[in-house]
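Topology and contacts: notes
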Amino acid sequence: DPAVMWFRRDLRLADNPALVSASEAGPVLPLFVLDPALWGPSGVSRRWYLTESLRSLDASLRRRRTSLSVVRGKPERQVVLAAQAVDATRVFVAEDFGPYGRERDERVEEALDAAGIELVRVGSPYAVAPGTVVNGSGKNYQVFTPFSRAWADIGWEEPCAAPTGGSWLELDSTVEIPTVDLPDGLEPPAAGEAAAAQRWADFVDADVTDYDDERDRPDHDRTSRMSTHLKYGEIHPRTILADLAGSGGKGRTTYRTEIAWREFYADVLFRRPDSARDYYKPEFARMSYASPGDDFDAWREGRTGFPIVDAGMRQLAASGWMHNRLRMITASFLVKDLHVEWQHGARHFLGLLADGDLASNNHGWQWVAGSGTDASPYFRIFNPTTQGKKFDPRGDYIRRWVPELADVADPHDPSPDDRDRVDYPHPLVDHKAERQEALDRYAEIKQ
Ligand code: FAD
């Protein structure tokens, strides 16, 4: 029977079990639904990236003499109409475990059911589907390390090839993939399955061996940059894990652990969908916070007067990506030096990051805020200046993103005269005092 392959966060042909199952069922309609509920709140980086990724998927399908049928509207209506248009009896998807995706899929399933069509879930964007890893008493893990051990013990399937042969279907009535203009100066990352495979191969060749030493050095910029490819499913983590298996080495082991963090946060969000917005540890809701005002604007715009913080925030604005160490430093500054709730920062990040992912972002923020699962202890408060000196020792990263500091004597802590000379702001706050303030606020909720 004809089948629909409804692409969502799996914009690839290779190693795509849902697509393989669809093509075993019969001729396949490759479908994408532009869902206003997801498109509306997406920032320009994500919109741009999604449309480029869709164009790339469409080009791959055209090489197979078909195309991606793109429609726009509520999925519970559009998916049913598309399936009916090609007389499909089944719609194949990779299961979505996010709060919105789950609820949407229930709606779609109901609507398909009413039309006598089945929604078939095959695989997910994770090596081990969220909700699978449980401890001896059948409960989920709250802490990363035991989770990651149990996760590795469960293991994952071998990657599968793209379907060969088979036949394809197209819709008569479709919409164009929208064109999104990137604001001037925003670096366009390469999107699509081929770009993801190339980037991954280059990283394995050149950088994975030293990954454990290099991953914390924003000045060296040698992380894999796979996050956006993973976010859109241009490559599956299973493919990555298969390439890392076999040979050991610290770099590979550490890289695998990072993939496990991605899976852990997806699992946590699946178990506690409310933690996308609310404090994972509810007592943090009782803490007193500052409302976001001028300080928050200075943070967003990279004008806090703390060079490493400003460099990170400017990298985010200019490129739609930020190095992990900087995500931690800038998030910590907002929450613990400016006392603004993490949700404001998380929303700002999601608006700009091309890899913006609800689970990794919001739980990354909760980790920094001390309110998340397995969070760093609250009293361990980053000192932005010493963090900068440690991870960007020569100040190269700062100079790249805060060019006015290029020739000052100490880019980590410019003298007041240097700041005035190059028109760089004086520190927005006194870190030592704000550190104490953060600890006092924390002591109040601990009573
Ligand atoms: P690499 O160092 O090459 O890591 C490889 C892969 O491992 C990444 O692509 C990612 O999939 C995964 N990974 C690495 N670190 C983490 C982590 N701490 N948590 C979850 N997965 C991880 N990652 C996102 O993908 N989307 C986000 O929206 C996001 N927001 C974050 C917000 C904050 C406050 C923090 C502290 C971290 C956030 N991260 C997020 C995690 C991490 O910063 C990025 O995955 C990483 O910087 C992406 O660059 P890379 O692919 O070069 O990373």
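Residues numbered from 1 in each chain as written. Predicted model: local features only at pLDDT ≥ 70, side-chain atom pairs only at ≥ 80, totals over all residues.

Labelled according to an unreviewed UniProt entry, the chain appears under the name Deoxyribodipyrimidine photo-lyase, originating from Nocardioides lentus. In its Cofactor (unreviewed entry) section, UniProt records this for the chain: "FAD". What the UniProt record of the chain gives under Sequence similarities (unreviewed entry) is the line "Belongs to the DNA photolyase family." (UniProt positions renumbered as here; feature names shortened; annotations may be inferred.)

1. Overview of the UniProt feature "domain: Photolyase/cryptochrome alpha/beta" (unreviewed entry) in the chain
What UniProt calls "domain: Photolyase/cryptochrome alpha/beta" (unreviewed entry) maps, in this numbering, to residues 1-127. Counted over residues 1-127, helix gives 46% and strand 19%. Its end C-alpha atoms are 29 Å apart. (Helix = DSSP H or I, 4+ residues; strand = E, 2+ residues; numbered from the N terminus.)

2. Let's talk about the site of the ligand
Around the ligand sit 27 residues in total, of which T223, S224, E258, N361 and G364 are the nearest. Elements with a contribution of two residues or more to the shell around the ligand: α9 (227-231), α11 (250-271), α14 (324-337) and α16 (358-369). Here the shell around the ligand is built from residues that sort into 11 nonpolar, eight polar and eight charged. Viewed by domain, the shell around the ligand spans two of them, domain 2 (126-158 + 195-271) and domain 3 (282-446), each represented by three or more residues. (Near = placed C-beta within 6 Å. Nonpolar A, V, L, I, M, F, W, Y, C, P; charged D, E, K, R; others polar. Domains from an automatic or database assignment.)

3. Examining the domain arrangement of the chain
If you check the domain split of the chain, you get domain 1 (3-124), domain 2 (126-158 + 195-271) and domain 3 (282-446). Distance between the C-alpha centres of domain 2 and domain 3: 26 Å. The interface of domain 2 with domain 3 comprises 16 residues on the first partner and 18 residues on the second. For the side of domain 2 that touches domain 3, the elements supplying multiple residues, two or more each, are α9 and α11. It is α11 that contributes the most residues to the side of domain 2 that touches domain 3, five residues altogether. (Contact = placed C-beta atoms within 7 Å.)

4. Some thoughts on the sheet that holds strand β2 (residues 28-34)
Overall, parallel pairing links the five strands, which are arranged β3-β2-β1-β4-β5 in an open sheet. At either end of the open sheet lies a strand with only one pairing partner, and these are β3 (69-72) and β5 (118-121). The sheet shows a mean angle of 30° between the axes of neighbouring strands, taken without regard to direction. Set on the sheet, helix α5 (residues 99-114) makes contact with β4 (90-93) and β5; between it and β5 the angle comes to about 140°. (Pairing = 2+ DSSP bridges. Axes fitted to C-alpha atoms, helices over the stretch in contact; angles between N-to-C directions.)

5. Quick notes on the nonpolar core
Proteins that are soluble and globular tend to have nonpolar side chains buried together. Membership of the largest hydrophobic core comes to 81 residues, with the highest contact counts inside it found for V4, M5, A83 and V91. For this core, the leading source of residues is α14, giving seven residues. Looking at this core, you find at least three residues from each of domain 1 (3-124) and domain 3 (282-446). With near-sequence residues (within four places) excluded, A83 lies in contact with V4, A88, V91, L112 and I117. Counting 27 residues, the second largest nonpolar core, distinct from the first, contains Y126, I235, I259 and V268. (Core = buried A, V, L, I, M, F, W, Y, C linked by C-beta atoms within 7 Å. Buried ≥ 20, exposed ≤ 12 C-beta atoms within 10 Å, placed from the backbone.)

6. Comments concerning the pairing of strand β1 (residues 3-7)
Side-chain positions along a regular strand alternate between the two faces of the sheet. By the criterion of burial, β1 is predominantly enclosed, with five of the five residues buried. Neither face of β1 is exposed, since A3, M5 and F7 on one face and V4 and W6 on the opposite face are all buried. For β1 and β2, the ladder comprises five bridges, and the chain directions are parallel. Bridge pairing links W6 to L31 in β2.

7. With respect to the pairing of β2
Extensive coverage of β2 is indicated by the burial of six of its seven residues. Bridge count for β2 against β3 is four bridges, and the pairing is parallel. In the strand pairing of β3, V33 is matched with V71.

8. Remarks on the packing of helix α6 (residues 144-154) against α11
α11 packs onto α6 with a crossing angle of 100° between their chain directions and a minimal axis gap of 10 Å. Relative to α11, α6 is oriented roughly perpendicular. Along the contact surface, α6 presents F144, F147, S148 and W151, while α11 presents T257, A260, W261, E263 and F264. Residues belonging to the contact of α6 with α11 are distributed by class as follows: six nonpolar, two polar and one charged. (Parallel < 35°, antiparallel > 145°, perpendicular 65-115°, else oblique.)

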